[in-house]
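Chain residues, written in single-letter form:
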Amino acid sequence: MKLLEERIKRDGVVKSEGVLKVDSFLNHQIDVNLIDEMGAEFARLFADAPVNKILTIEASGIGIACLVARHFGNAPVVFAKKAQSINLDGEMYSTKIQSFTHGRIFDVIVSKKFLSPEDHVLIIDDFLANGCALNGLIELVEESGATVEGIGIAVEKGFQHGGDKLREEGYHLESLAILESMDPNTGEVVFRENA
Ligand code: 5GP
């Protein structure tokens with residue numbers, strides 16, 4: 001999506017640890033118009049999918065998912081919660097996710113009230129790197145018996161290969177910008193064609 005690629009080129013900051021900071025429009029301050037355009041693009045890309053629920057993970061996925069949901073008939077947004085320690089009382093679906101940015105492993109939970117076998121889920125997140133966050137979210141959906149209709153990502157870092165694996169597994173994954181490389185010395189970012 002040209003609009004997002006141009007914004008990344010203009011305002012993204014390449015960090016040395018393979019991390020792109022997009023704090024000025026996606027992760028700290030949010031450009032609502034941009035995310036709204038992204039929502040419209042996801043609606044076009046997933047037009048054939050019978051989505052009735054959006055699933056994301058706290059915290060940075062929530063704002064994006066809420067604006068995307070406006071383009072899917074105001075489907076409810078469920079966000080997986082990160083918990084330090086959990087009481088597995090049978091009321092929650094749970095899994096573990098290794099955080100890319102913090103290196104830690106989190107327990108992640110979704111209440112059984114909010115995902116069930118009738119649900120057709122679009123998973124939304126801000127970034128895709130190694131795929132740990134998405135694998136965890138997919139596990140939660142599978143545990144609930146719901147269907148993963150698709151996965152929509154704002155920025156995929158293609159050189160970290162989580163996306164390639166998910167596509168090979170057959171998921172309908174759409175990333176609005178796919179980075180082929182980024183250089184912390186020059187700040188240069190290169191995008192995959194036709195993302
Ligand atoms: P993965 O689990 O695919 O390795 O990493 C994805 C998760 O880590 C996303 O939910 C996102 O919050 C965070 N993340 C991964 N790479 C980046 C990055 O380059 N910049 C930012 N801001 N977050 C990232």
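Residues numbered from 1 in each chain as written. Predicted model: local features only at pLDDT ≥ 70, side-chain atom pairs only at ≥ 80, totals over all residues. Heavy atoms only, no water.

With that out of the way, let us pick up the UniProt feature "binding site: 5-phospho-alpha-D-ribose 1-diphosphate" (unreviewed entry) in the chain. When the UniProt feature table is mapped onto this chain numbering, "binding site: 5-phospho-alpha-D-ribose 1-diphosphate" (unreviewed entry) sits at Ala-129, Asn-130, Gly-131, Cys-132 and Ala-133. Tracing the backbone shows Gly-131 in the loop between strand E7 (120-128) and helix H5 (132-144). Note on Gly-131: relative accessible area 7%, which makes it buried. Judged by relative accessible area, which is 33%, Cys-132 ranks as partly exposed. With sequence-adjacent residues up to four places away left out, Cys-132 is seen in contact with Ile-97 and Gln-98. (UniProt positions renumbered as here; feature names shortened; annotations may be inferred. Helix = DSSP H or I, 4+ residues; strand = E, 2+ residues; numbered from the N terminus. Buried < 20%, exposed > 50% of the residue type's maximum accessible area, 1.4 Å probe, protein only. Contact = heavy atoms within 4.5 Å.)

A word on the site of the ligand. Not every one of the 17 residues close to the ligand is listed here, only the nearest: Leu-20, Asp-125, Gly-131, Ala-133 and Lys-157. Burial of the ligand by the protein chains amounts to 89% of its free accessible area of 510 Å². Listed by contribution, the elements that provide at least two residues to the shell around the ligand are E7 and H5. Ranked by the residues each element gives to the shell around the ligand, the list is headed by E7, at 4 residues. Residue classes in the shell around the ligand are distributed as 8 nonpolar, 6 polar and 3 charged. (Near = heavy atom within 4 Å. Areas by Shrake-Rupley, 256 points an atom, 1.4 Å probe, with all protein chains shown as cover. Nonpolar A, V, L, I, M, F, W, Y, C, P; charged D, E, K, R; others polar.)

A few words now on the pattern of salt bridges. The full count for this structure, using the stated rule, is 11 salt bridges. Put simply, Asp-107 and Lys-96 hold a salt bridge, and the shortest N to O gap is 2.7 Å. Residue Asp-107 is found in strand E6 (residues 105-111), and its partner Lys-96 is found in strand E5 (residues 92-98); the two are separated by 11 residues along the sequence. Residue classification places Lys-96 among the exposed residues on the basis of a relative accessible area of 55%. With its nearest N and O atoms 2.8 Å apart, the salt bridge here joins Arg-167 to Glu-156. Of this pair, Arg-167 sits in helix H6 (residues 162-168) while Glu-156 sits in strand E8 (residues 147-157); the two residues are 11 residues apart in sequence, bridging distant segments of the chain. Look at the salt bridges and you will find they share partners, linking Arg-7, Arg-10, Asp-11 and Asp-31 into a network. (Salt bridge = Lys/Arg side-chain N within 4 Å of Asp/Glu carboxyl O.)

As a further point, take the side chain of Asp-107. For Asp-107, a relative accessible area of 13% corresponds to the buried category. Side chain to side chain, Asp-107 and Lys-96 meet in a polar contact 2.7 Å long. (Polar contact = N/O pair within 3.5 Å; in protein donor to acceptor, adjacent residues only side chain to side chain.)

Glancing now at the nonpolar core. If you look at the biggest cluster of nonpolar residues, it comprises 34 residues, and the most contacted ones within it are Leu-4, Ile-8, Leu-20, Leu-26, Met-38, Ile-54 and Phe-72. Broken down by secondary-structure element, the contributors of at least two residues to this core are helix H1 (2-11), helix H2 (23-27), helix H3 (32-45), helix H4 (60-69), E7, E8, strand E9 (173-182) and strand E10 (189-191). With 5 residues, the top contributor of residues to this core is H4. Grouped together as the second largest cluster of nonpolar side chains are 25 residues, Leu-55, Ala-146, Ile-153 and Leu-166 included. (Core = buried A, V, L, I, M, F, W, Y, C linked by side-chain atoms within 4.5 Å.)

Moving on: H5. With 13 residues, H5 should cover 18 Å at 1.5 Å per step; its first-to-last C-alpha distance of 19 Å lies within 8% of that length. By the burial criterion, the buried members of H5 are Leu-134, Gly-136, Leu-137, Ile-138, Leu-140, Val-141 and Ser-144. Gly-145 sits one or two residues past H5 and shows a positive phi near 85 degrees. (Expected span 1.5 Å × (residues − 1).)

Time to look at the packing of aromatic side chains. Scanning the model with the defined rule gives 1 aromatic pair in all. Measuring from ring centre to ring centre gives 6.3 Å for Phe-42 and Phe-46, while their planes differ by 35 degrees; the resulting arrangement is tilted. Judged by its relative accessible area of 1%, Phe-42 falls in the buried class. Of the residues examined, Phe-46 reaches a relative accessible area of 1% and is grouped as buried. Taking NZ or CZ as reference, Lys-82 lies 5.3 Å from the ring centre of Phe-106, over its face. (Phe/Tyr/Trp six-rings, centres within 6.5 Å; stacked < 30°, edge-to-face > 60°. Lys NZ or Arg CZ within 6 Å of the ring centre and 35° of its normal.)

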